[in-house]
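Listed below, chain by chain, are the residues.
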Amino acid sequence: MGSSSIGIPQTPLFVSPILSQSAPQFPAKTIEEAPPGIKDFVHWSAHFESGARKLDKIEQLHPSTYFVERRMSFHGMYVCPEVIAPLTVFFEKYGDMSQLDCFKHCMCDTKSMIFERLGLVLYSMDKTLMSNLVLDDILAWRDVVRDLMCLNVPIGFLIRHLQKLLRVCYFLQSRLPEETLHQMGKIRLLEGSAEDIFKRITTEQRKLRDLLARDPNFPTEYSEYIVESTSGVGRTGLLGLLDCKP
C-alpha cells in the first residue's frame, strides 16, 4: 500500500495515536466497595476502557476459518465481498462515511483498508450468535471503532452499543441466577416441528422475560439480548445496531 495524507501507517492493522496512551487508573475503592458480581464487571469495564489493544490480526474480525483474498469495488474502494452488504445497510442508515472530509485526500488502498475493517466488524456482529459472544470479540471490535473515531468518523454510537454488549456478555457468562440459566437451557433444547417449536419457544421465552423482569440485579433494557440468545438466531448486531442513534 502507498502512503496516506491522513497519516495512517501502512501496516495490516493501523494503530491510532490515542491508543498509545496509558490505560486509565481505576481507584481501588471503586473495585473493593463494589457488591459481589458487580466487582467482576468493574474489571470487565476496565479492560474495555483501557488503551490496551486486543486486535492484532485480521482473523480476529472474521468469524470464518478463512479470509477471502479477492476484492470487489464498493463506493470507490476495494473490499472483500462479505462486507458489502453490512456496509451498504450502514451507509444507508448513517450516510456514506467514506466521503467525509478526513478521507478527501486519502489514497484508495488506505481508505479501502479502513472501511473493510469496519465492514468486518459489522459482519461479525451480525453473524456471531449472542450465546457465543466473548469478551475478546468485543475488545477487537472496539479497537476498530476507536481507530475510526480517531480519524473523526462519527461512530461513537457504536462504542455505546459495544458497552451494552459488554454487559450482556458479562451476564451470559454464568452471572445469571440458576433458575434463569435453567430456563435458557430448556429453550435451547426444545425439539419438534418448525411450527410447534415456534409456539413453544414463544411461550418459554415469555417465562424467561418474566424471570429477568423479577431479577433486581438485571438491567431490564438488556433482557431482549438474553432472550434472543436462546433462540439460535440471536446475533449481536441484529437488535442493537438498528437502534443505534448517532
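Not measured: the values here are computed from a predicted model.

A. Seen up close, the overall build of the protein. What the protein contains, in helices and strands, is ten helices and two strands. For the protein, the α and β elements follow one another from N to C terminus as α-α-β-β-α-α-α-α-α-α-α-α. Evaluated residue by residue, the protein yields a buried proportion of 46% over its 246 residues. A separation of at least 24 residues holds for 71% of the contacts in the protein among residues at least 6 apart in sequence. Carbon and sulfur atoms form 54% of the exposed surface of the protein, whose accessible area is close to 12900 Å².

B. Local environment of helix 7 (residues 178-188). Burial in helix 7 covers these residues: T180, Q183, M184 and I187. Taken down its axis, helix 7 places every buried residue within 100° of arc, on the same side. Residues of helix 7 that are exposed and point more than 90 degrees away from the buried face comprise E178 and H182.

C. Seen up close, the packing of aromatic side chains. Scanning the model with the defined rule gives nine aromatic pairs in all. With centroids separated by 5.1 Å and ring planes inclined at 65°, the aromatic side chains of F103 and F115 adopt a geometry described as edge-to-face. One end of the pair, F103, is in the loop between helix 3 (84-94) and helix 4 (108-127); the other, F115, is in helix 4, and twelve residues separate them in sequence. What makes F103 buried here is its relative accessible area of 2%. Residue classification places F115 among the buried residues on the basis of a relative accessible area of 0%. Every member of this aromatic cluster is reached through a ring pair, and the members are W44, Y170, F171 and F218.

D. How the structure looks around the nonpolar core. Counting 64 residues, the largest nonpolar core has F90 and I155 as the members making the most contacts within it. No other element matches the eleven residues that helix 6 (residues 156-172) contributes to this core. Aside from chain neighbours lying at most four places away, what touches I155 is F90, M97, L118, V145, L148 and M149.

E. Region of interest: the pattern of salt bridges. Enumeration over the complete set of coordinates arrives at nine salt bridges. For D147, the salt bridge goes to R53, with nearest N and O atoms at 3.0 Å. Separated by 94 residues along the polypeptide, D147 in helix 5 (residues 135-149) and R53 in the loop between helix 2 (38-49) and strand 1 (72-74) bring together distant segments of the chain. On the basis of relative accessibility, which here comes to 24%, the residue R53 falls in the partly exposed class. With a shortest N-O distance of 3.5 Å, K207 and E204 are connected by a salt bridge. Here K207 pairs with E204, and both are found in helix 8 (residues 194-214), just three residues apart, close to one helical turn. By relative accessible area, which is 40% here, K207 ends up partly exposed. Among the charged side chains, a network of salt bridges with common partners joins R71, E116 and R117.

F. Expanded view of the packing of helix 3 against helix 4. Packing of helix 3 against helix 4 leaves a shortest axis separation of 8 Å and a crossing angle of 95°. Here helix 4 runs roughly perpendicular to helix 3, going by the angle between their axes. Contact with helix 3, carried on its side by P86, L87, F90 and F91, involves F115, L118, G119, L122 and Y123 of helix 4 and no other residues of that element. Across the contact of helix 3 with helix 4, the residue classes tally to eight nonpolar, one polar and no charged.

G. Here's a closer look at the packing of helix 5 against helix 6. Relative to each other, helix 5 and helix 6 sit at 170°, their axes nearing to 10 Å. Classified by the interaxial angle, the pair formed by helix 5 and helix 6 is roughly antiparallel. For the pair formed by helix 5 and helix 6, the contact residues are L135, I138, W141, R142, V145, R146 and M149 on the first element and G156, L158, I159, L162, L165, L166 and C169 on the second. In terms of residue class, the contact of helix 5 with helix 6 is made up of eleven nonpolar, one polar and two charged.

Parameters at a glance
Residues numbered from 1 in each chain as written. Predicted model: local features only at pLDDT ≥ 70, side-chain atom pairs only at ≥ 80, totals over all residues. Heavy atoms only, no water. Helix = DSSP H or I, 4+ residues; strand = E, 2+ residues; numbered from the N terminus. Buried < 20%, exposed > 50% of the residue type's maximum accessible area, 1.4 Å probe, protein only. Contact = heavy atoms within 4.5 Å. Areas by Shrake-Rupley, 256 points an atom, 1.4 Å probe, with all protein chains shown as cover. Arc of directions from axis to C-beta. Phe/Tyr/Trp six-rings, centres within 6.5 Å; stacked < 30°, edge-to-face > 60°. Core = buried A, V, L, I, M, F, W, Y, C linked by side-chain atoms within 4.5 Å. Salt bridge = Lys/Arg side-chain N within 4 Å of Asp/Glu carboxyl O. Axes fitted to C-alpha atoms, helices over the stretch in contact; angles between N-to-C directions. Parallel < 35°, antiparallel > 145°, perpendicular 65-115°, else oblique. Nonpolar A, V, L, I, M, F, W, Y, C, P; charged D, E, K, R; others polar.

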